[in-house]
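# Structural overview
Given next are the chains, with one letter for each unit.
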Amino acid sequence: MEILFLKMLLLLAGCLVGLFYHLSDLCVGEKRTVHNKPNFIVILADDVGWGDLGANWAETKDTPNLDQMAAEGMRFVDFHSAASTCSPSRASLLTGRLGIRNGVTHNFAVTSVGGLPLNETTLAEVLKEAGYITGIIGKWHLGHSGLYHPSFRGFDYYFGIPYSHDMGCTDTPGYNLPPCPACPRHSAATSSHGRDCYTKVALPLFENIAIIQQPVNLTGLAAVYAEKAAQFIQRASESGRPFFLYLALAHMHVPLVLAQPPSSSSFPGPYRASLREMDALVGRIKDKVDGCGKENTFLWFTGDNGPWAQKCELAGNVGPFSGAWQRQRGGSAAKRTTWEGGHRVPALAYWPGRIPANVSSIALLSTTDIFPTLVSLAKASLPPNRRFDGSDVSEILFGQSHQGHKTLFHPNSGAAGKDGEIKALRLAQYKAFYTTGGAKACDGSIGLEEHHHPPLIFNLDHDIQEQVPLDVKTGEYRAVLPAITRAVTDFLQDIASDNISTADYSHDPAVTPCCNPQHIVCRCQACCSSPAMVDCNREP
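Starting afresh in each chain, residues are numbered from 1 along the sequence in its written order. Per-residue local features of the predicted model are confined to residues with pLDDT of at least 70, and side-chain atom pairs are confined, for both listing and counting, to 80 or more; whole-chain, interface and lining totals are unaffected and use all residues. Here the side-chain values reflect all heavy atoms present in the structure, with hydrogen atoms and water set aside.

## Here we look at the overall build of the chain
A run of DSSP states H or I qualifies as a helix once it reaches four residues; a run of E qualifies as a strand once it reaches two. Both are numbered from the N-terminal end. Within the chain, the regular secondary structure consists of 13 helices and 16 strands. The proportion of buried residues among the 540 residues of the chain is 58%. Put simply, of all contacts in the chain between residues at least 6 apart along the chain, 73% involve residues at least 24 apart. As displayed, the chain has an accessible area near 21,300 Å², and 55% of this comes from carbon and sulfur atoms. We call a residue buried when its accessible area falls under 20% of the maximum for its residue type, exposed when it is over 50%, and partly exposed in between, using a 1.4 Å probe and counting protein chains only. The contact definition used throughout considers only heavy atoms, calling two residues in contact when any of these lie within 4.5 Å. Working definition of accessibility: Shrake-Rupley area with a 1.4 Å probe, residue cover restricted to the visible protein chains.

Here you go:
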């Protein structure tokens, strides 16, 4: 009864927030103000490979809009996600802190009670306090129950899914390996599919607190995201207040679902077709920005981690970052690993008149830098009583500096070692591993966990494929080892004296998002808010 009452209370709150959002543009004429703070749009692709962008990898021909953004802005070739799996990467982007500090060390589940710890301050909360209108469209994956929901983490508006779109069944299951079935229509339906397929509860779509569609119509989801993002940008621009939009795409995570059915003659395959769809979506957002005041809007595109290699032809391209040493021993060297293919991601920055055009930066940067950089540009203050792994990199963005991080720390993300622990790091051009292991590869192999004392060290300037570690007997190895050892020691001491958080990873089936528990897989009818969502009114 208490849980039901809480859900009803949260639903009412969500409806009020949504009503305010939809009516806000009706009164902007009376409240129009002039602000000198920049607008921010962060677009986060899911499971995208460094080599998926033509600007990075000449063999790729499917991203003309992103390539144009690179030509008109700044491209980062040595940019890294803060973890190589979903929840930790997103938590670090929104807090500027690695999982070893913010407590998010592995993914949250459909039945997760907790989420990003409530004592962690999100970027949205800081910017909202500084006068920004804040919105998230897309995937959250940082807790959906109670106060962990994004509507209570600093976002004025939320439209999207609470976790990855393979974590619930749909009527449009798309391309996946292994393939998963559509949601069952009758209670007697059974499934012989393995644990990788969710068949008991449908994937929900939220607008603020309310579930407006369950299961989600994945075929139209990209178009709805683009529409909602354009509406948010338009309304926020008309309001006279600065805005922050966090657009967390479903692309390029499986299942891959295409808006248009493939034609036999020109179909490039599901991955390339989906990549083109993502590129078109980003192009639409960029066009909207260009039409609503590009001189005052900073757009940052990047990815949450590298490709999910076990999905074979449905996974992206790591470019030259093959992790050859690991591949020779079995397993993948991409998502969930600390090899370059797991965390080196594409990154573009676009702000005409402020960020120089057609520049490729070799600065060593991270998604943790997004938080302090945007806070600085907004003339806001970082939350007190905690330390940050990211830095304000605005001087690099504006072409005034080329100096990025000297060190980056790469947390274990599922392939080997304890989740969240630091067993790999970057020091200038050197990459050191105290623990290695390969995630599940396309061929089904898994690289065994290995521990290295002294560590494996690669010189990425000469060995970008991470193929041959330095010989421990060489002068180069002996010269760099003390600096690596000192960097690890200093980092762990800093962690020990920091204000760190612990996430609640407990489970309770009662927190599973469900708009109608009386119907099979929680099917519900909802009032559609977009032509692309017409499927939501079908009878179950």
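## Re the pairing of strand β15 (residues 430-438)
In the case of a regular strand, side chains alternate between the two sheet surfaces. A large share of β15 lies buried, amounting to nine of its nine residues. Note: two strands are recorded as paired if DSSP finds a minimum of 2 bridges between them. As defined by bridge partners, strand β14 (residues 422-427) adjoins β15 across four bridges and the pair is classed as antiparallel. Paired with Leu427 across the bridge in β15 is Tyr430. If you look at the hairpin formed by β14 and β15, you'll find two residues sitting between the two strands, and Ala428 has a positive phi there, around 55 degrees. Relative to strand β16 (residues 447-459), β15 runs antiparallel, the two sharing seven bridges. Directly across from Gly438, in β16, lies its bridge partner Gly447.

## Points about the pairing of strand β8 (residues 243-248)
With six of six residues buried, β8 lies mostly within the body of the structure. Of the two faces of β8, the one lined by Phe243, Leu245 and Leu247 and the one lined by Phe244, Tyr246 and Ala248 are each fully buried. Pairing geometry for strand β1 (residues 39-45) and β8, over five bridges, is parallel. Opposite Leu44, over in β8, you have Ala248 as the bridge partner. As judged from the six bridges shared by strand β4 (residues 133-138) and β8, these two strands associate in the parallel manner. Bridge assignment links Thr134 to a residue of β8, and that residue is Phe244.

## Here's the deal with the pattern of salt bridges
By convention in these notes, a salt bridge is any Lys or Arg side-chain nitrogen within 4 Å of a carboxyl oxygen on Asp or Glu. Summed over all chains, the structure comprises 23 salt bridges. Across the pair Arg90 and Asp46 runs a salt bridge whose closest N-O atoms are separated by 3.3 Å. Of this pair, Arg90 sits in helix α4 (residues 86-95) while Asp46 sits in the loop between β1 and α3 (64-72), and the two are 44 residues apart along the sequence. The exposure class of Asp46 is buried, given its relative accessible area of 0%. One salt-bridge network, held together by shared partners, links Arg97, Arg101, Glu120, Arg387, Asp389, Asp494 and Asp498.

## A look at the nonpolar core
Across soluble globular proteins, you tend to see nonpolar side chains buried next to one another. Remark: nonpolar core denotes a set of buried residues (Ala, Val, Leu, Ile, Met, Phe, Trp, Tyr, Cys) joined through side-chain atoms within 4.5 Å. Ile41, Ile43, Met278, Ile285 and Phe301 are the most contacted members of the largest nonpolar core, which has 51 residues in total. For this core, the element with the most residues is helix α7 (residues 221-239), which contributes nine residues.

## Section: helix α8 (residues 270-291)
Expected span, for any helix, means 1.5 Å times one less than how many residues it has. Along its 22 residues, α8 runs 32 Å from first to last C-alpha, staying within 8% of the 32 Å computed at 1.5 Å per residue. Gly293 occupies a position one or two residues after α8 and carries a positive phi of about 105 degrees.

## Some remarks on the state of the cysteines
Note on terminology: disulfide describes a covalent bond linking the sulfur atoms of two cysteines. When two cysteine sulfur atoms are found within 2.5 Å, that pair is recorded as a disulfide. If you walk through the whole model with that rule in mind, you get five disulfides. Note on cysteine connectivity: Cys514 is disulfide-linked to Cys522, with sulfurs 2.0 Å apart. Looking along the S-S bond of the Cys514-Cys522 disulfide, the torsion reads about -100 degrees, which is the left-handed sense.

## Considering the sheet that holds β16
The strand order β13-β14-β15-β16 describes an open sheet built from four strands, whose pairing is antiparallel. Each of the sheet's edge strands pairs with one partner strand only, and the pair in question is β13 (407-411) and β16. Neighbour-to-neighbour, the strand axes of the sheet open up by a mean angle of 20 degrees, direction not taken into account. Strands β13, β14, β15 and β16 of the sheet are contacted by helix α13 (residues 475-496), whose axis makes an angle of about 115 degrees with β16. For every element, the axis is a line fit to its C-alpha atoms; helices are fit only across the contacting stretch, and the angle between N-to-C directions ranges from 0 to 180 degrees.

## As for α3
The periodicity of an α-helix, 3.6 residues per turn, causes residues three or four places apart in sequence to face the same way. Buried within α3 are the following residues: Leu66, Met69 and Ala70. Viewed end-on, α3 has its buried residues packed into an arc of 100 degrees, placing them on one side of the element. In this fold, the buried residues of α3 make contact with β2 (74-76), α8, β9 (297-303) and β10 (347-350). Our arc is simply the arc of the directions from the helix axis toward the C-beta atoms.

## Side note on the packing of aromatic side chains
Classification of ring pairs rests on two measures: the distance between centres of Phe, Tyr or Trp rings, Trp counted by its six-membered ring, which must be within 6.5 Å, and the angle between planes, read as stacked under 30 degrees, edge-to-face over 60 and tilted in between. The tally for this structure, following the rule as stated, stands at 21 aromatic pairs. Measuring from centroid to centroid gives 6.2 Å for Phe79 and Trp300, while their planes differ by 55 degrees, and the two rings are tilted. A residue pair is termed long-range when its members are at least 10 positions apart, and Phe79 in strand β3 (residues 79-80) and Trp300 in strand β9 qualify at 221 residues. Comparing Phe79 with Trp300 shows no difference in burial state: the two are buried. Ring geometry for Phe159 and Tyr225: centres 6.4 Å apart, planes at 85 degrees, overall edge-to-face. Note that Phe159 is positioned in strand β5 (residues 157-160) and Tyr225 in helix α7, a separation of 66 residues in sequence. Each of the two residues, Phe159 as well as Tyr225, counts as buried. Put simply, the rings of Phe40, Phe76, Phe79, Tyr132, Phe298, Trp300, Trp351 and Phe398 pair up and form one aromatic cluster. Ring-over charges, as used throughout, are those where CZ of Arg or NZ of Lys falls within 6 Å of the ring centre and within 35 degrees of the ring normal. A cation over a ring is seen here: Arg329 above Trp325, with NZ or CZ 3.8 Å from the ring centre. Directly above the aromatic system of Trp308 lies the positively charged group of Lys335, at a separation of 4.1 Å from the ring centroid.

## A look at unusual backbone geometry
Cis geometry marks the peptide bond from Gln214 to Pro215, where omega comes out at 5 degrees. Cis geometry is found at the peptide bond from His453 to Pro454, where omega equals 5 degrees. Phi at Cys522 takes a positive value of approximately 70 degrees, unusual for a residue other than glycine. Position of Cys522 among the secondary structure elements: in the segment after α13. For Cys522, a relative accessible area of 8% gives the class buried.

## Side note on the layout of surface pockets
Within this scheme a cavity is a closed region of a 1 Å grid, computed over the protein atoms alone, that accommodates a 1.4 Å probe without allowing it to escape, whereas a pocket is open but has protein on both sides within 12 Å along at least five of seven lines; lining residues each have an atom within 4 Å of a point. Grid points are joined across faces, edges and corners, and a volume is the space filled by probe spheres set on the points. In this structure, the largest pocket spans a volume of roughly 860 Å³. Lining the largest pocket are 30 residues, with Asn107, Arg195, Asp196, Trp308 and Arg336 sitting closest to its centre. When its residues are assigned to classes, the lining of the largest pocket shows eleven nonpolar, eleven polar and eight charged. Ten residues, namely Ala, Val, Leu, Ile, Met, Phe, Trp, Tyr, Cys and Pro, are considered nonpolar, four, namely Asp, Glu, Lys and Arg, are considered charged, and the remaining ones, Gly among them, are considered polar.

Honestly, it's all geometry; don't read function into it.
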